[in-house]
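# Tertiary structure, described
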Amino acid sequence: SQTIHQWPATLVQPVGSPLSLECTVEGTSNPNLYWYRQAAGRGLQLLFYSVGIGQISSEVPQNLSASRPQDRQFILSSKKLLLSDSGFYLCAFLPANTGELFFGEGSRLTVL
Amino acid sequence: AQSVTQPDIHITVSEGASLELRCNYSYGATPYLFWYVQSPGQGLQLLLKYFSGDTLVQGIKGFEAEFKRSQSSFNLRKPSVHWSDAAEYFCAVAGNTGFQKLVFGTGTRLLVSP
């Protein structure tokens, strides 16, 4: 069966520190992978998506970056966190031709 | 580019009462439409989707939605709400990029009163 794992679940980081959120998918090959950020009252904002290894599309200019070093691994990073990076981050994958996004459980990031 | 509007930020419904959550989309052609549900602190789960065919689609947990092209709407309904339905509901649309990029609405938080 297809599963998605995202970690850490909760993270508290000081301003200026680095960030790494990791997402891995099992039970599918060559999925599309996504990073969303969710802020209160703003719905889900698509940050990055990837259609293959090393292929990253950025949707909004920001302090974050994404990488896909392996087919089923998607990493969200920052070199120096800002207060505005706080939020709930969701990884998702799209199996080929299904139209249904499968979401991870999310990572709550608080930048102090 | 496609967009989605969910005009209600919060809705409170009594347990056992019927529910309708509104969703309006903007897209020039026939869109792919979705409803997702999110429990607090969790990821999202697909309730139902519309691609083509019958404009009334059935989903999980007793939910249904109706696609109305003339109104650019895809409202979610449930005849009798249960306390466990309290959650946040998101409407989403995929358009000219196919499934690759879903655009989500800002969500509607459903509260269920006893």
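Overview of the structure.

The rules behind these values
- Residues numbered from 1 in each chain as written.
- Chains lettered and ligands numbered in written order.
- Predicted model: local features only at pLDDT ≥ 70, side-chain atom pairs only at ≥ 80, totals over all residues.
- Heavy atoms only, no water.
- Helix = DSSP H or I, 4+ residues; strand = E, 2+ residues; numbered from the N terminus.
- Rg over C-alpha atoms; globule rule 2.2 N^0.38 Å.
- Buried < 20%, exposed > 50% of the residue type's maximum accessible area, 1.4 Å probe, protein only.
- Contact = heavy atoms within 4.5 Å.
- Salt bridge = Lys/Arg side-chain N within 4 Å of Asp/Glu carboxyl O.
- Core = buried A, V, L, I, M, F, W, Y, C linked by side-chain atoms within 4.5 Å.
- Phe/Tyr/Trp six-rings, centres within 6.5 Å; stacked < 30°, edge-to-face > 60°.

## Notes on the overall build of chain A
A count of helices and strands for chain A gives zero helices and 11 strands. Listing each helix as α and each strand as β along chain A from the N terminus yields β-β-β-β-β-β-β-β-β-β-β. The C-alpha atoms of chain A give 13 Å as radius of gyration, which agrees with the globular expectation for 112 residues (13 Å, within 12%). A principal-axis box enclosing the C-alpha atoms of chain A has dimensions of 40 × 25 × 25 Å. A total of 112 residues make up chain A; the buried ones form 49% of that total. Across chain A, the fraction of contacts at a sequence separation of at least 24, relative to all contacts at a separation of at least 6, is 54%.

## Description of the environment of A65 of chain B
Residue and element names in this part refer to chain B. With respect to the element layout, A65 can be found in strand 8 (residues 64–68). On the accessibility criterion, A65 (0% relative accessible area) is buried. Each C-alpha atom, one on A65 and one on V37, is 13 Å from the other, the two residues being 28 residues apart in sequence. Excluding residues within four positions of it along the chain, A65 makes contact with W35, L48, T55, L56, V57, F74, N75 and L76.

## Description of the pattern of salt bridges
The final tally for this structure, using the stated rule, is seven salt bridges over all chains. With its nearest N and O atoms 4.0 Å apart, the salt bridge here joins D85 of chain A to R37 of chain A. Of this pair, D85 of chain A sits in the loop between strand 8 (73–78) and strand 9 (87–94) while R37 of chain A is found in strand 4 (residues 32–38), placing the two residues 48 residues apart along the sequence. You'll find D85 of chain A and R37 of chain A in the same group, each marked buried. Between E66 of chain B and R77 of chain B there is a salt bridge whose closest N-O contact spans 3.2 Å. Note that E66 of chain B is positioned in strand 8 and R77 of chain B in strand 9 (residues 73–78), a separation of 11 residues in sequence.

## Examining the nonpolar core
Within soluble globular proteins, side chains that are nonpolar generally end up buried alongside one another. In this structure, L19, W35, L47, L48, F74, L76 and Y89 of chain B are the most contacted members of the largest nonpolar core, which totals 26 residues. In contact with L48 of chain B, other than residues within four places in its own chain, are L33, F34, W35, V57, Q58, G59, F63, E64, A65, F74 and L76 of chain B.

## Notes on the packing of aromatic side chains
All told, the structure shown has 17 aromatic pairs over all chains when counted by the stated rule. Their ring planes at 55° and their centres at 5.7 Å tell us that Y36 of chain B and F104 of chain B sit as a pair that is tilted. Of this pair, Y36 of chain B sits in strand 5 (residues 32–38) while F104 of chain B sits in strand 11 (residues 103–104), placing them 68 residues apart in sequence. With respect to class, Y36 of chain B is no different from F104 of chain B; both count as buried. Joined through ring pairs, the aromatic side chains of Y34, Y36, Y49 and F103 of chain A together with Y32, F34, Y36, F51, F90 and F104 of chain B make up one cluster.

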